[in-house]
Amino acid sequence: MLVRVSEIPEEGLRVESVTEVEDVFPDEGWSLDAVSLLIERQGGEVAVSGSFRATARFLCSRCLEPIASAVGPDLDLHLMPTPSAREEVELSPDDLEVDFYQGDILDVASLLRSETHLALPMKPLCRPDCRGLCPVCGGNRNLVACACEARAADPRLAPLEALRRRL
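Residues numbered from 1 in each chain as written. Predicted model: local features only at pLDDT ≥ 70, side-chain atom pairs only at ≥ 80, totals over all residues. Heavy atoms only, no water.

Participant: Just to check I follow, could you spell out the pattern of salt bridges for this structure?
Facilitator: Two side chains carrying opposite charge are able to pair once their charged atoms lie near each other. Taken as a whole and judged by the stated rule, the model has seven salt bridges. Measuring nitrogen to oxygen at the nearest pair gives 2.6 Å for the salt bridge that ties Arg156 to Asp154. Relative accessible area serves as the criterion here: at 70%, Arg156 is assigned to the exposed category. Taking the relative accessible area as the measure of exposure, Asp154 reaches 28% and is therefore partly exposed. One salt bridge in this structure joins Arg164 and Glu161, with 2.6 Å as the shortest N-O distance. (Salt bridge = Lys/Arg side-chain N within 4 Å of Asp/Glu carboxyl O. Buried < 20%, exposed > 50% of the residue type's maximum accessible area, 1.4 Å probe, protein only.)

Here it is, written out as structure tokens:
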């Protein structure tokens, strides 16, 4: 969904339907489930507030099993026009929540996509007690009791192990 900033009405623009926002996620299996946004123009700047729900599908970082995760962040964003190449912009600590839009166009789908990626866990797990893969045979230790012997530690790391024990 592309919104012309200059055409946002005084009372703001409400986005309440998933069908209004097209092609948010190019990845198969990812979906936008609900959206409720208010887009307001404040001079040359734009404020986007509200919330949305999305479902993301990816792999567990320990056992590589497919998992689905529901994401539902609240939004309170301020966007400014992209400065020209010659114009210098100095950001203060308060401006870390500021993003930019290109020209007179605000891409709502891109905004929702980036907020979804920011809300995802850095290390997704299928469950908190996931046992991961066996480093010897590669079997999923959540499904199969692995009888592999543990590998001996690399002798080059022995000085670091000794230091760890002392500390």
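Participant: I tried to follow the confidence of the model for the chain on my own but got confused; where do I start?
Facilitator: Any region with low pLDDT has predicted coordinates that should not be read closely. Looking at the chain, the pLDDT average stands at 87 and 95% of residues meet or exceed 70. Element-level mean pLDDT values for the chain span from 80 in strand β7 (residues 98-101) up to 92 in helix α2 (residues 158-166). (pLDDT = per-residue confidence, 0-100. Helix = DSSP H or I, 4+ residues; strand = E, 2+ residues; numbered from the N terminus.)

Participant: Can you help me understand helix α1 (residues 108-119) in this one?
Facilitator: Each turn of an α-helix holds 3.6 residues, which means side chains three or four residues apart point in the same direction. Helix length check: α1, at twelve residues, gives a terminal C-alpha distance of 16 Å against a target of 16 Å (1.5 Å per residue), a fit within 8%. Buried within α1 are the following residues: Val108, Ala109, Leu111, Leu112, Glu115 and Thr116. Axial view of α1: buried residues confined to an arc of 160°, hence all on one face. Structurally, α1 contributes buried residues whose contacts are with β1 (2-4), β3 (31-42), β4 (45-59), β5 (66-71), β6 (74-81) and β8 (105-107). Of the residues flanking the start of α1, the one acting as N-cap is Asp107, its side-chain oxygen 3.3 Å from the backbone nitrogen of Ala109. (Expected span 1.5 Å × (residues − 1). Arc of directions from axis to C-beta. Contact = heavy atoms within 4.5 Å. Polar contact = N/O pair within 3.5 Å; in protein donor to acceptor, adjacent residues only side chain to side chain.)

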